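# An overview of the molecular structure
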Amino acid sequence: MHYLLTVTALGPATSTDVTATDTWPASGLTFVSATTSEGTYASSTGSWMIGDMAPSSTATLDIAALVTAPSGTKVTNLASVGESSSSTNPNVQGSTASSTLTVACGNTTTTPPVAGLSITKTVDNAAPQSGATVHYLLTVTALGPATSTGVTATDTWPASGLTFVSATTSEGTYASSTGSWTIGDMAPSSTATLDIAALVTAPSGTKVTNLASVGESSSSTNPNVQGSTASSTLTVANGGGTYADIAVTKTVNNANPQGGATVTYTVTAQALGPATSTFVIVHDLLPSGLSIVSATTSQGTYDSGTGVWDVGTLAPGANATFTVSTLVDPRMAGQTIVNTASVSELSSLIDTDPANNTSSVSISVAPATPVVITGGGGGGGGGGGGGSAYDISIDGGAPTTATTSATLALYGTGAYTMSLSNSSNFASSTWQPYVTRLPWTLTSGTGEKTVYVRYRDPQGDQIGSAQASIELVQPSQGEVLGASTSTVPTSCGIYLNSYIKLGANNDPVEVKKLQAFLDQNLGTDLPLTGYYGPLTFQAVEQFQKKYNIGVLAPWVPYGLPSDTTPTGYVYKTTKWKINMLVCPSLDLSLPQLP
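Everything in this summary refers to the structure shown in the same document. In this text, all values refer to a predicted model and were calculated from it rather than measured experimentally.

## Some words on the overall build of the protein
Along the backbone of the protein there are four helices and 37 strands. Put simply, the protein has 594 residues, and 42% of those count as buried. If you take every contact in the protein between residues at least 6 apart in sequence, the share linking residues at least 24 apart comes to 69%. Working note: accessible area of the protein is about 27,900 Å², and carbon and sulfur atoms make up 52% of it.

## Examining the packing of helix H1 (residues 508–522) against helix H4 (residues 572–582)
Two elements in contact, H1 and H4, have axes whose closest approach is 12 Å; the angle formed by their N-to-C orientations is 65 degrees. As H1 packs across H4, the resulting crossing turns out to be left-handed. Together, Leu514, Phe517 and Asn521 of H1 and Ile578, Leu581 and Val582 of H4 make up the contact between the two elements. Taken together, the residues of the contact of H1 with H4 sort by class into five nonpolar, one polar and no charged.

## Quick look at unusual backbone geometry
In the segment running from glycine 11 into proline 12, the intervening peptide bond is cis, with an omega of 0 degrees. Residue position: proline 12 is located in the loop between strand S1 (2–8) and strand S2 (15–23). Of the consecutive residues glycine 144 and proline 145, the connecting peptide bond is found in the cis state with omega at 0 degrees. Residue position: proline 145 is located in strand S11 (residues 133–145). Its identity is not glycine, yet aspartate 17 carries a phi of approximately 50 degrees, on the positive side. Residue position: aspartate 17 is located in strand S2. Relative accessible area serves as the criterion here: at 53%, aspartate 17 is assigned to the exposed category. Positive phi, close to 50 degrees, is recorded for phenylalanine 279, a residue that is not glycine. Relative accessible area serves as the criterion here: at 59%, phenylalanine 279 is assigned to the exposed category.

## Let's talk about the packing of aromatic side chains
Applying the stated criterion across every chain yields a total of 13 aromatic pairs. When the ring of phenylalanine 543 is compared with that of tyrosine 547, the centres are 4.8 Å apart and the planes differ by 50 degrees; the resulting orientation is tilted. Note on tyrosine 547: relative accessible area 5%, which makes it buried. Above the face of the tyrosine 136 ring, lysine 121 is positioned so that its terminal group lies 4.9 Å from the ring centre.

## Some details on the sheet that holds strand S25 (residues 308–314)
In spatial order, the strands read S24-S25-S22-S27-S29; together these five strands make up an open sheet with antiparallel pairing. This sheet does not close on itself; its edge strands, each paired only once, are strand S24 (301–303) and strand S29 (358–364). Across the sheet, the mean angle separating the axes of adjacent strands is 20 degrees when strand polarity is ignored. In the sheet, strand S22 (residues 277–283) pairs with strand S27 (residues 336–344) via three bridges, with the strands oriented antiparallel. Within S27, the residue paired with isoleucine 281 across the bridge is serine 344.

## Considering H4
Since one α-helical turn is 3.6 residues long, residues separated by three or four positions face the same way. When you tally the buried positions in H4, you get 11 out of 11 residues, the bulk of the element. Within H4, burial applies to Lys572, Thr573, Thr574, Lys575, Trp576, Lys577, Ile578, Asn579, Met580, Leu581 and Val582. Where the residues of H4 are buried, they touch strand S32 (405–412), H1, helix H2 (534–546) and helix H3 (548–551).

## Topic: the side chain of serine 277
Along the polypeptide, serine 277 turns up in strand S22. Judged by relative accessible area, which is 0%, serine 277 ranks as buried. A polar atom in the side chain of serine 277 sits 2.8 Å from the side chain of glutamate 345. Not counting the four nearest positions on each side in its chain, serine 277 is found in contact with Ala244, Asp245, Ile246, Ala271, Gly312, Thr313, Leu314, Glu345 and Leu349.

## A short note on H2
Here H2 is 13 residues long and its end C-alpha atoms lie 18 Å apart, about the 18 Å a rise of 1.5 Å per residue gives. Three or more residues of H2 are buried, namely Thr536, Phe537, Ala539, Val540, Phe543, Gln544 and Lys546. Of the surrounding secondary structure, the elements contacted by the buried residues of H2 are strand S35 (437–441), H1, H3 and H4.

## Here's the deal with the environment of aspartate 284
Tracing the sequence through the fold places aspartate 284 in the loop between S22 and strand S23 (290–297). Given the relative accessible area of 0%, aspartate 284 is considered buried. A sequence separation of 55 residues divides aspartate 284 from asparagine 339, and the C-alpha atoms of the two residues are 7.9 Å apart. Dropping the residues within four chain positions of it, aspartate 284 is found in contact with Lys250, Val267, Tyr302, Gly307, Phe322, Asn339, Thr340 and Ala341.

## Describing the pairing of strand S7 (residues 74–82)
If a strand is regular, its side chains alternate between the two faces of the sheet. Taken together, the five bridges between S2 and S7 define a ladder with antiparallel strand orientation. Paired with threonine 19 across the bridge in S7 is glycine 82. Examined bridge by bridge, S7 and strand S8 (residues 96–102) share seven bridges and lie antiparallel to one another. The partner of valine 75 across the bridge, within S8, is leucine 101.

## Some thoughts on the sheet that holds strand S13 (residues 162–169)
Hydrogen bonds between backbone atoms are what pair the strands of a sheet, whose relative direction is either parallel or antiparallel. Strand order in the open sheet made by the four strands is S9-S11-S16-S13, with antiparallel pairing throughout. Across the chains shown, the open sheet's two edge strands, defined by having one partner strand only, are strand S9 (115–123) and S13. Going from strand to strand, the sheet's axes swing by 20 degrees on average, the running direction of each strand aside. Bridge count for S13 against strand S16 (residues 191–200) is seven bridges, and the pairing is antiparallel. Of the residues in S16, the one forming a bridge with serine 166 is alanine 197.

## Some remarks on the pairing of strand S15 (residues 180–186)
Pairing geometry for strand S12 (residues 148–156) and S15, over five bridges, is antiparallel. Within the sheet, the bridge partner assigned to alanine 153 lies in S15 and is tryptophan 181. In terms of strand pairing, strand S14 (residues 173–175) meets S15 through three bridges, oriented antiparallel. Within the sheet, the bridge partner assigned to alanine 175 lies in S15 and is serine 180. Between S14 and the antiparallel strand that follows it, S15, lie four residues; glycine 179 among them carries a positive phi value of about 80 degrees.

Cut-off values and rules
Every chain is numbered on its own, with residues counted from 1 as its sequence reads. In view of the model being predicted, local features appear only for residues whose pLDDT reaches at least 70, and side-chain atom pairs are presented and counted only at 80 or more, with totals across whole chains, interfaces and linings using the full set of residues. Each side-chain value is worked out from all heavy atoms of the structure, with water and hydrogens disregarded. Elements are defined by DSSP. Helices are runs of H or I of four residues or more, strands are runs of E of two residues or more, and each kind is numbered from the N terminus. Partly exposed residues are those whose accessible area sits between 20% and 50% of the maximum for their type, while under 20% is buried and over 50% is exposed, using a 1.4 Å probe and protein chains only. In what follows, a contact means two residues having at least one pair of non-hydrogen atoms within 4.5 Å. Accessible areas in this description were obtained via Shrake-Rupley with a 1.4 Å probe; residue shielding takes into account the shown protein chains only. Axis angles are defined between N-to-C directions and span 0 to 180 degrees, where every axis is a line fitted to C-alpha atoms and, for a helix, only to the segment in contact. By convention the crossing between two helices is left-handed if the near helix lies anticlockwise of the far one by an angle smaller than a right angle, and right-handed if it lies clockwise. The residue classification treats Ala, Val, Leu, Ile, Met, Phe, Trp, Tyr, Cys and Pro as nonpolar and Asp, Glu, Lys and Arg as charged. All others, Gly included, are polar. Geometry of aromatic contacts follows a simple scheme: Phe, Tyr and Trp rings, the Trp one being its six-membered ring, pair when their centres are within 6.5 Å, and the pair is stacked under 30 degrees between planes, edge-to-face over 60, tilted otherwise. We call a charge positioned above a ring when the Lys NZ or Arg CZ atom is no farther than 6 Å from the ring centre and deviates by at most 35 degrees from the ring normal. In this scheme, strands are said to pair when DSSP sees at least two bridges between them. For this analysis, a polar contact is any N or O atom pair within 3.5 Å, provided that within protein one partner can donate a hydrogen and the other can accept it, and provided that sequence-adjacent residues contribute only side-chain to side-chain pairs. An expected span of 1.5 Å times one less than the residue number is assigned to each helix.

Purely geometric numbers; function is a separate question.
Structure below.
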C-alpha cells in the first residue's frame, strides 16, 4: 500500500527550513520505498527535509509500505510539519495529519514472514592495469524483521576480461564455476561477506562490469527488492602485459610394461590464449630407465640429447604433439619410472595459469619373471634347462645355424650387469648392463660354438653364470629352388628382395627363400613350396616376436598396438632383419618408416 503526504505553504511569507515527520507505527507496517517531489526522506527516523517553500507551493512524499499486521488490526500513521522558528505559523491545527487503516478479514492464507536482504559490491581498484589482481567485496545484510532463510547470492562473472583466482567467504560456500554463493540462514542485522580475487586480462581501455544479486527462500517476503542487486565497474588503465596461457599434457600407451618392452609417450602443447604463444619450448628429458627408440613431432624439432622440443608459435586454440617411443631398461623391473614434461613461452608474455605448465605420468615396470629357454645349451651356474635362475640360449635354442650372427636370450635373477664371451676364460670380456636379449657373433668355422655368460648384482658381486651351445654348419651351395633341405645359401648379399604378404600375389622364388631361412632360424620344418600359406605366416609371426625390438618396436609409433604384436607381413623391418641375419657384413640401416 502507499501513503501520500502533501505539504502546502499557505503564505503570505515564504516558509523556511520546512521539515515534516512521518511517525511510523511500532508494528503492522514494513517500509518498502519512498519518493519525494522535494527534499529527502530518511526512513530510519521518519524525517522529511523539504527546505524553503514559496507561498502556495506544495511538496509530496509517497511512501510504499508492506502490511504485516493480522486481519482486523487497526494501524494508525501520524505525520506533522513545521518550519524555522523565525516564522509564525497561523495554521497550527493544520500542521498535523493521520491516517488509519484496518486490515481486512477473510484472508485465509498464511502471510509469509517479512525478511529483507540487501547486497553491496565494491572493487578495491577501479582502474587497474592489465595483469593486476583486483578484489571484489560482496556484503549481504539481513534487514529483518524475520530471519532470512536459504539465502543465496549470485556473482555473475563477465564473459571475458577477468580470470578467477580465489574466493574467501565469511559464511557458506562459493562455486566459481557457477558464481553461486550459498550462505544459508541469516538472523536480522547479521552480515556475510565474499572476497573474490580476480586477474585482469582485458586490454587497456576496457570497461568490465561485474553484477551480483541476492535472494532467499520463497517462504519469505523481501520488502527491499531494489537493494537485492549490486554491480561494480572497473576500467582497465594503460600499461600492463600481454596474456597467453600455455598448457602441456602427457600420456603413455602402457602404464605397466615389462622390462625390455617399448612404451610410447605423447606430449601435447596447447595454446589457450587470449594472445598468441610464441617461442614455445617443451622440456622432456627422458629419465633413467628409458632409452629413446624414435621420436616424431607435429611441429618443431626435438633434441634427444637435451630433451628440448622447440615448438615455435601457437595461435590461441592450436596445439602441437610430440610422440616418443622408448625402450624400458629390464633392470627397472619392479620399479616406477616418472616422466615429466614442462612448457614455457616468451618471458614477456604473462601466463594466466602456471599450474598447467607441467605434466607427469608414471609407469610401473612389471617384476621380472623367469624366461623359459627351450632347447639344448642352457646350464652352467643355474643348471641346464628352462626356468633356471641364470640361463642363456642361442637363437631360441636352435640346434644348428648356418651363420655366425646369432641372438642370445638371457636371464639372471637379480642381475644388474653381465659379461659374455665365446671363451670359457672370458678373454677380452667386459661388464655391461644386463638385458634379456642381445645380438651376438659366434666364432667362425664349422662345429660346436659355445657362448658363456656370468651375472653380477648391483653391489658388484657375481651371482651366477650359464652357457649355451649351437652347431655352426656349412651352408649348401647355390640357389634354394627345388632344394629338399632347409639351408641358407652362402652367397652374401641381399637375400630377400620382395615384400611377402598373406593373400598377395607373392613371388614363389622369394617365398621359398623365406621358408628356407625360417627353417634354419627357428628350427621349423616348413616345406619349400613357394606358397605363402598359414604355416609360413605363423612362422613369420614367431620370427617377428623373437626379434621384436628391431622388427616390431619401430612400428609402435605408427599404430602397432605393442612391440609384441606380430603382423605376419614380411615388410620393411622384417625383410631388413632377415637380410642382416643372413649377411651381417651388409650393415644395412633400418629402413625409413612408415
